[in-house]
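Structural description and commentary
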Amino acid sequence: MARNKHPEETVNLILDVAYRLFMEKGYEHTSIQDIINHLGGLSKGAIYHHFKSKEDILVAVTDRMTAESNQMLTVIRDRSDLSGKEKLKTIFRESINRPVQNEIFTVAPDFHKNPKLLFSLLHDTIDNVAPNYVLPIIKQGISDGSIKTDYPEQLAELILLAANVWMNPMIFDSSEEESSRKFMVFSQMLQGFGLDIIDSEMLERLQELASIYQNSK
């Protein structure tokens with residue numbers, strides 16, 4: 001039986017295989033046995049030594065896929081040539097245009113059947129992305145006059161929850177038309193805060209992602 005001497009190599013092998021199968025067959029149609037069959041002799045025990053379930057594997061796959069996103073957020077947050085408002089617009093544009101988004105929306109599981117994954121998304125949004133990336137940008141915008149709010153923490157959470165949860169077709173199974181309407185309301189909400197940062201190209205991209213998701217179901 002083939003074995004990796006280093007646990008990290010085993011984890012990477014499992015994630016590489018799982019990622020490929022999720023892309024080819026979809027998450028819902030990939031079983032733990034499917035993954036085992038492509039591990040070159042590693043046993044089921046090798047998987048369960050590192051991951052408790054298929055959902056845990058998906059979380060790890062998604063974390064690896066989105067590591068680039070966190071790096072992108074860091075770079076934009078730390079730029080010195082943009083106002084707070086300009087940074088928010090840049091984040092939205094760069095986030096939805098990353099090629100990996102196509103892969104994420106193709107792999108996307110049914111969140112209604114995976115409450116654990118939905119909770120993980122909410123937890124990461126509130127406890128990581130909002131305070132570490134968006135909040136510093138909003139505070140900068142308050143200082144430079146490009147953003148006006150008395151509640152920066154709550155605004156950071158609201159923007160992210162609306163963008164990552166309410167507008168996410170993977171959670172509410174929204175059609176392209178429904179996604180478009182939500183995006184327009186999201187744009188109007190931001191304008192109410194003086195944040196006219198949504199444009200037609202972003203709308204078209206969101207519709208494209210919604211279409212990818214619907215076609216992958």
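Scroll up for the structure.
The structure contained in this document is the topic of the report that follows.

1. So, the overall build of the protein chain
Along the backbone of the protein chain there are 12 helices and zero strands. Reading the secondary structure of the protein chain in the N-to-C direction produces α-α-α-α-α-α-α-α-α-α-α-α. Judged by the C-alpha coordinates and their principal axes, the protein chain covers about 65 × 35 × 25 Å. Counting over 217 residues, the protein chain shows a buried share of 45%. Carbon and sulfur atoms make up 52% of the accessible area of the protein chain, which amounts to about 11400 Å² in all. In the protein chain, 23 side chains carry a positive charge and 31 a negative one; their mean positions are 4 Å apart.

2. What to know about the environment of Ser43
With respect to the element layout, Ser43 can be found in the loop between α2 (32-37) and α3 (44-50). Taking the C-alpha atoms as reference points, Ser43 and Glu153, separated by 110 residues in sequence, lie 47 Å from one another.

3. Considerations on unusual backbone geometry
Of note, Asp173 is a non-glycine position whose phi angle comes to about 55 degrees, a positive value. Mapping Asp173 onto the fold places it in the loop between α10 (169-172) and α11 (176-192).

4. Thoughts on the pattern of salt bridges
Under the criterion given, the structure shown has eight salt bridges. With a shortest N-O distance of 2.9 Å, Asp78 and Arg77 are connected by a salt bridge. Arg181 serves as the salt-bridge partner of Glu177, at 2.6 Å between the closest nitrogen and oxygen. Taken together, the positions of Glu177 and Arg181, both in helix α11 and four residues apart, correspond to about one turn of that helix. As far as the burial class goes, Glu177 and Arg181 line up, both exposed.

5. What about the environment of Gly40?
Here Gly40 shows up in the loop between α2 and α3. Distance from Gly40 to Ser95, taken between C-alpha atoms, is 36 Å for residues 55 residues apart in sequence.

6. Things to note about the nonpolar core
Taken as a class, soluble globular proteins show a tendency for nonpolar side chains to be buried jointly. Membership of the largest hydrophobic core comes to 33 residues, with the highest contact counts inside it found for Phe22, Ile35, Leu39, Ile47, Ile57, Val61 and Met170. Those elements that place two or more of their residues in this core are α1 (7-25), α2, α3, α4 (54-65), α7 (100-107), α10 and α12 (200-216). Considering each element in turn, this core owes the most residues, six residues, to α1. When near neighbours in sequence (up to four residues on either side) are disregarded, Leu39 contacts Leu13, Ile14, Val17 and Ile47.

7. Thoughts on a negative patch on the surface
A cluster of acidic side chains, namely Asp63, Asp124, Asp127, Glu153 and Glu157, defines a negative patch on the protein surface. At the level of secondary structure, the elements contributing two or more residues to the negative patch comprise α8 (115-144) and α9 (152-166). Mapped onto the elements, Asp63 comes out in helix α4. Taking the relative accessible area as the measure of exposure, Asp63 reaches 48% and is therefore partly exposed.

Thresholds, definitions, all that
- Note on numbering: residues in each chain are counted from 1, in written sequence order.
- Whole-chain, interface and lining totals are the exception, using all residues; otherwise, since this is a predicted model, local features are given only for residues with pLDDT of at least 70 and side-chain atom pairs are given and counted only at 80 or more.
- No hydrogens and no water enter the side-chain calculation; it runs on all heavy atoms of the structure.
- Elements are defined by DSSP. Helices are runs of H or I of four residues or more, strands are runs of E of two residues or more, and each kind is numbered from the N terminus.
- Only protein chains enter the accessibility calculation, which uses a 1.4 Å probe; a residue is then buried when its area is under 20% of its type maximum, exposed when over 50%, and partly exposed in between.
- Surface accessibility follows the Shrake-Rupley procedure with a 1.4 Å probe radius. Residue values consider only the protein chains on display as shielding.
- Counted charges follow a simple rule, with Lys and Arg positive, Asp and Glu negative, and His plus the chain ends left uncounted.
- We put the charge of a Lys on NZ, of an Arg on CZ, of an Asp on CG and of a Glu on CD.
- We define a salt bridge as a side-chain nitrogen of Lys or Arg found within 4 Å of a carboxyl oxygen belonging to Asp or Glu.
- In this description, a nonpolar core means a group of buried Ala, Val, Leu, Ile, Met, Phe, Trp, Tyr and Cys residues linked to one another through side-chain atoms lying within 4.5 Å.
- Throughout, a contact is declared for two residues whenever any of their heavy atoms are within 4.5 Å.
- Residues enter patches when their relative accessible area tops 30% and they take part in no salt bridge; the joining distance is 9 Å for like charges and 5 Å for the nonpolar side chains Val, Leu, Ile, Met, Phe, Trp and Tyr.

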